[in-house]
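# An overview of the molecular structure
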Amino acid sequence: MPIPKTSAVRQRTAPVSHRHKPWTVLSAMQGTQTPTPVQVPLTRRYEVSWVDDHGQLDSFIRVAPAMPIFEEAFSAFTHGAVIPTTEGPVPVEDLEPGMAVETASGEIRTLRWVGAITLVPGASQAGDLASKVYRVTADAFGLGRPATDVTFGPAARLLNRDPAIRNALGCEAALAPIASAVDGVSVIEMTPVSPVRVYHLAFDGHHVIRTGGLEVETYHPGQDAHYSMSRELRDVFLSLFPHVETMQGFGRVMWPRFTEQEDGLLEIV
């Protein structure tokens, strides 16, 4: 007896489950998990010129993390800051390692290292430190201090001899971040509207030099800087300073450093 057609259809057709929707592009996308975005560390181009113990001048550009401890090493002086040398006043952008610079105490020291970066308004940064510059107006700290307006980078520290420092910290003077002096009149915080080139200077040891009649520190990472970095990060950091072999190679801090807390209290750093 022939099999009825209806039976044949039942035998050839796979059962359809109504619990499953037909495949579509939309359903496939809905079933795919969105991957977690990977956080890529920010980096920056650091420009370095230095002179070795034999007077050999060298320079290089290196990409390294855009972290405050790195950026602070390159951003104290702005383009045009005048530095006293044995050859006369020289703009910071024209200084070369090996030149003899006069310190605030009258000593002559050999410039060993010049670092520079460019601050680009609106660029992504790890912090807001390097996004500001500071203008000190004429006579802001006394007659002729400075004689004319002077602009500093965000990492500048000025030697403060105010008697209040002696009372608060128990020392004759201390190095204060330029940001702590902002009052909107004599010292003004500004956000640059175009790229700004900033610099820092390093010697064999920590010193204070003059620019515009103001006493400004040369670069030193701080006595406890090595505690804030991993071994790998410290190696990258030191690669930017070929004139020193270890963090101890920067020497001791010449003057105490302080920062001003939100409550107005001063804290040694």
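Being a predicted model, the structure only gives us computed values, none of them experimental. Per chain, the residues get numbers from 1 upward, laid out in the order the sequence is written. Per-residue local features are limited, in this predicted model, to residues with pLDDT of at least 70; the limit for side-chain atom pairs, both in listing and counting, is 80 or more; totals at the level of whole chains, interfaces and linings are taken over all residues. With hydrogens and water stripped out, all remaining heavy atoms of the structure feed into the side-chain values.

## A closer look at the nonpolar core
Here, the term nonpolar core denotes a set of buried Ala, Val, Leu, Ile, Met, Phe, Trp, Tyr and Cys residues that are joined through side-chain atoms within 4.5 Å. Three exposure classes are used, based on accessible area relative to the maximum for each residue type with a 1.4 Å probe and protein chains only: buried under 20%, partly exposed in between, and exposed over 50%. Grouped together as the largest cluster of nonpolar side chains are 27 residues, with contacts concentrated most on F70, F74, F237, L240, F241 and F250. By definition in these notes, contact holds between two residues if any of their heavy atoms fall within 4.5 Å. Excluding residues that lie within four positions of it along the chain, F74 makes contacts with Y46, E47, V48, W113, G115, A116, I117, V198, Y199, H200 and L240. A76, L111, I178 and V187 belong to the second largest nonpolar core, which has 26 residues in total.

## Concerning the packing of aromatic side chains
In this scheme Phe, Tyr and Trp rings, the latter by its six-membered ring, pair at centre separations within 6.5 Å, and the angle between planes marks the pair as stacked below 30 degrees, edge-to-face above 60, and tilted otherwise. Taken as a whole and judged by the stated rule, the model has 11 aromatic pairs. With 5.5 Å between their ring centres and 10° between their planes, Y219 and F241 make a pair best called stacked. Here Y219 is found in the loop between strand 16 (214-217) and helix 5 (231-238), whereas its partner F241 is found in the loop between helix 5 and strand 17 (258-260), with 22 residues between them in sequence. Take Y219 and F241: they sit in the same class, and that class is buried. Both rings, one in F237 and one in F241, keep their centres 5.1 Å apart while their planes meet at 45°; by these two values the pair is tilted. F241 shares its class with F237; the two are buried. In this structure an aromatic cluster arises from ring pairing among Y46, F70, F74, W113, Y219, F237, F241 and F250. In our convention, an over-ring charge means Lys NZ or Arg CZ found within 6 Å of a ring centre and within 35 degrees of that ring's normal. In this arrangement the basic side chain of R62 is found over the ring face of F60, its NZ or CZ atom lying 4.3 Å from the centre. Only DSSP runs of H or I covering at least 4 residues are called helices, and only runs of E covering at least 2 are called strands; the numbering of each starts at the N terminus.

## A short note on helix 5
If you check which residues of helix 5 are buried, you get L233, F237 and L238. Viewed along the axis of helix 5, the buried residues span an arc of 135°, placing them on a single side of the element. Among the exposed residues of helix 5, those oriented more than 90 degrees off its buried face are R231 and E232. Picture the helix axis, draw a direction to every C-beta atom, and the arc is the one those directions span.

## Side note on the confidence of the model for the chain
Model confidence for the chain is summarised by a mean pLDDT of 84, while 78% of its residues fall at 70 or above. Averaged over each element, pLDDT in the chain is lowest for helix 1 (residues 5-12) (40) and highest for strand 6 (residues 100-102) (98). The pLDDT value expresses, per residue, how confident the predictor is, ranging between 0 and 100. Low pLDDT (under 50) marks residues 1-18, which in the prediction has 1 contact with non-local residues, meaning those over four places away or in another chain.

## Things to note about the pattern of salt bridges
We define a salt bridge as a contact between a side-chain nitrogen of Lys or Arg and a carboxyl oxygen of Asp or Glu at a distance within 4 Å. Taken as a whole and assessed by the stated rule, the structure comprises 10 salt bridges. For R109, the salt bridge goes to E107, with nearest N and O atoms at 3.0 Å. Note that E217 is salt-bridged to R257, the shortest N-O span being 3.1 Å. With E217 in strand 16 and R257 in the loop between helix 5 and strand 17, this residue pair connects regions lying 40 residues apart in the sequence. One connected set of salt bridges, linked through shared partners, spans R161, E172, R210 and E215.

## Some words on the environment of T85
For T85, the location among the structural elements is in strand 4 (residues 82-85). Taking the C-alpha atoms as reference points, T85 and I108, 23 residues apart in sequence, are found 8.2 Å from one another. Once residues lying within four places of it in the same chain are set aside, the contact partners of T85 are V90, L95, M99, A100, V101 and E102. In terms of polar contacts, T85 uses its side chain to reach the backbone amide nitrogen of E87, at 3.1 Å. For this analysis, a polar contact is any N or O atom pair within 3.5 Å, provided that within protein one partner can donate a hydrogen and the other can accept it, and provided that sequence-adjacent residues contribute only side-chain to side-chain pairs. Among the polar contacts listed, one links the side chain of T85 to the backbone oxygen of G88, at a separation of 2.6 Å.

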